[in-house]
Amino acid sequence: MKTRGVPDFVLLILTALLVGFGVTMVLSASSIYAYTGIFTSHGCGICNGDELYFVKRQIIWAAVGFVGMLVAMNIPFSFYKRNVLLIIIVCFVALVLVLVAGIGKEANGARSWFKIGSANIQPAEFAKLGLILYLAAIIDKKGEKFREFKTGLIPPLVVTGIFFVLIAIQPDLGSAAILLGTAAVVMICGGARITQLFLLTFPVFTMFFLSYITLKPHALPRLISYTDPWSDPKNTGFQLIQSFFALAHGGISGVGFGQSVQKYLYLPEAHTDFIFSIIAEELGFIGTTVFLLVYLLFLLRGLQICLRSKDTFASLAGVGVITMIGLQALINIGGVTGTIPLTGVPLPFISYGGSSLLICLVSTGILLSVSREVNKQKMLEKGYQQTVAR
């Protein structure tokens, strides 16, 4: 029986801290929505005045996610490499089916979910992880040939482009941007030339973007409203203005946990896309800084594990996971602070939402599986050195 190393307990503890903090903030941010029965499309069923409605569902998803993380952590990463074709096909089929009327659920103008019982499953979240594993596997398989334009770079670019389009036409530009950015980082780390990627992807992305805003003229004002939300304070700029109020109200030390004013139906999506604003309001600059430091430690620890791995597939898959989580956090925080346009992506580990939390935890499980192999290698090297010393 093959023995494996221990998982990275620092990463495990940081993950538990983030999820625990997320559940706590969902409790605070969602209680008014749940109690009043006024809630967004992310909620399912009827709250019936239960102020714990959303947090109870988030706890269930967290429990399922931790089970998924433990399972993924105990599966050798070679398993994902062997079955990557099946994984990518399942993701592709799911992305196609969600666009079909009667199968995919439409909410907030986007057909992005499968409704299974009382749960909403977002296939785009699974597709991001599936694409990371596919890219890591194909780069590992091709080796130096990946640098070749026709036989190396084109096939993964085509698959990435198909996934990007399928997600963008839902439309879910936030998830599409995260998928594209993550894929670019994995391919660059795998040896692709930045100039080739830019020359190939930029014109296609520009054409798609221009076509999108032409077919959906209402989308452009929403995308650029972050530059001056006060020009349309009751429509396109409303959410961002309310987010600014929350950020300003928090000040240095915050108003205290559970004491947010903006969550009293002033700030839409307070427990999902804008939960960072509630964190800033209740915990202030000090609390937000501590939270972001934990986030940063998580990302740096994950990156450290990737750099220590001697397996190309494991290293690239880990880089993809870290990039996906980090980029999503950056887009979410950038959006709610008015730094970049709002795209409607959740804050990883923190926002209410089952699919995002589940995929973040399973992805972390894959990263922990890589850490087990890294620690096993370290133990073998240490044992060899001790044997030589004797």
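Residues numbered from 1 in each chain as written. Predicted model: local features only at pLDDT ≥ 70, side-chain atom pairs only at ≥ 80, totals over all residues. Heavy atoms only, no water.

Draft legend 1. View of the packing of helix α7 (residues 173-189) against helix α12 (residues 312-336). Contact pair α7 / α12: the axes reach a minimum separation of 9 Å and the direction vectors enclose 145 degrees. Of the two possible hands of crossing, α7 and α12 adopt the one that is right-handed. Contacts between α7 and α12 pair Ala177, Ile178, Gly181, Thr182, Val185, Val186 and Cys189 from the former with Leu316, Val319, Gly320, Thr323, Met324, Leu327, Gln328 and Ile331 from the latter. The class makeup of the residues in the contact of α7 with α12 is ten nonpolar, five polar and no charged. (Axes fitted to C-alpha atoms, helices over the stretch in contact; angles between N-to-C directions. Helix = DSSP H or I, 4+ residues; strand = E, 2+ residues; numbered from the N terminus. Left-handed = near helix turned anticlockwise from the far one by under 90°. Contact = heavy atoms within 4.5 Å. Nonpolar A, V, L, I, M, F, W, Y, C, P; charged D, E, K, R; others polar.)

Draft legend 2. Summary view of the layout of surface pockets. The space that makes up the second largest pocket amounts to roughly 570 Å³. Secondary-structure elements contributing two or more residues to the lining of the second largest pocket are α6 (149-168), α7 and α8 (194-215). For the lining of the second largest pocket, the residue count by class is 16 nonpolar, four polar and no charged. (1 Å grid on protein atoms, 1.4 Å probe; cavity = no way out; pocket = protein on both sides within 12 Å on 5 of 7 lines; lining within 4 Å. Points joined across faces, edges and corners; volume = space filled by probe spheres on them.)

Draft legend 3. Inspection of the nonpolar core at higher detail. Judged by nonpolar contacts, the single largest core of 101 residues is most densely connected at Met187 and Phe349. A per-element tally of this core places α12 first, with 13 residues. The residues contacting Phe349, other than those within four sequence positions of it, are Thr15, Leu18, Val19, Gly22, Tyr295, Phe298, Ile325, Leu357, Cys360, Leu361 and Thr364. (Core = buried A, V, L, I, M, F, W, Y, C linked by side-chain atoms within 4.5 Å. Buried < 20%, exposed > 50% of the residue type's maximum accessible area, 1.4 Å probe, protein only.)

Draft legend 4. Structural detail: the sheet that holds strand β1 (residues 104-107). Within the open sheet, the three strands sit side by side as β1-β2-β3. Their pairing is antiparallel. Because the sheet does not close on itself, it has two edges, and the strands there are β1 and β3 (119-121). Across the sheet, the mean angle from the axis of one strand to that of its neighbour is 50 degrees, orientation sign disregarded. Bridging between strand β2 (residues 110-116) and β3 involves three bridges; their strand directions are antiparallel. Residue pairing across strands places Lys115 opposite Asn120, the latter belonging to β3. (Pairing = 2+ DSSP bridges.)

Draft legend 5. Fine view of the side chain of Lys128. In this structure, Lys128 sits in helix α5 (residues 123-142). Relative accessible area serves as the criterion here: at 3%, Lys128 is assigned to the buried category.

Draft legend 6. Just the pattern of salt bridges, in detail. Summed over the entire model, instances satisfying the criterion amount to seven salt bridges. We note a salt bridge from Arg147 to Glu144, for which the minimum N-O separation is 3.6 Å. Given the relative accessible area of 65%, Glu144 is considered exposed. Three or more residues are tied together by salt bridges with common partners; here these are Lys81, Asp140 and Asp311. (Salt bridge = Lys/Arg side-chain N within 4 Å of Asp/Glu carboxyl O.)

Draft legend 7. Looking closely at the packing of aromatic side chains. Under the definition given, this model contains eight aromatic pairs. Between Phe54 and Tyr352, the aromatic rings sit 5.1 Å apart at their centres with planes inclined by 80 degrees, giving edge-to-face as the arrangement. One end of the pair, Phe54, is in helix α2 (residues 53-73); the other, Tyr352, is in the loop between α12 and α13 (354-389), with 298 residues separating them in the sequence. Here the two residues Phe54 and Tyr352 agree in accessibility, since each one is buried. Through successive ring pairs, a cluster of aromatic residues spans Phe21, Phe276, Phe291 and Tyr295. (Phe/Tyr/Trp six-rings, centres within 6.5 Å; stacked < 30°, edge-to-face > 60°.)

Draft legend 8. Summary view of the pairing of β2. Most of β2 is tucked away: five of the seven residues are buried. Bridge count between β1 and β2: four bridges; the pairing is antiparallel. The residue of β2 that forms the bridge with Glu106 is Arg111. The turn joining β1 and β2, which pair antiparallel and follow one another in sequence, is formed by two residues; a positive phi near 55 degrees is taken by Asn108. In sequence, β2 turns back onto β3 through a hairpin of two residues, with Gly117 there showing a positive phi of about 65 degrees.

Draft legend 9. Region of interest: the side chain of Ser355. Note that Ser355 resides in helix α13. Among the residues examined, Ser355 registers a relative accessible area of 4% and is labelled buried. In contact with Ser355, other than residues within four places in its own chain, are Asn120, Ile121, Gln122, Glu125 and Phe126.

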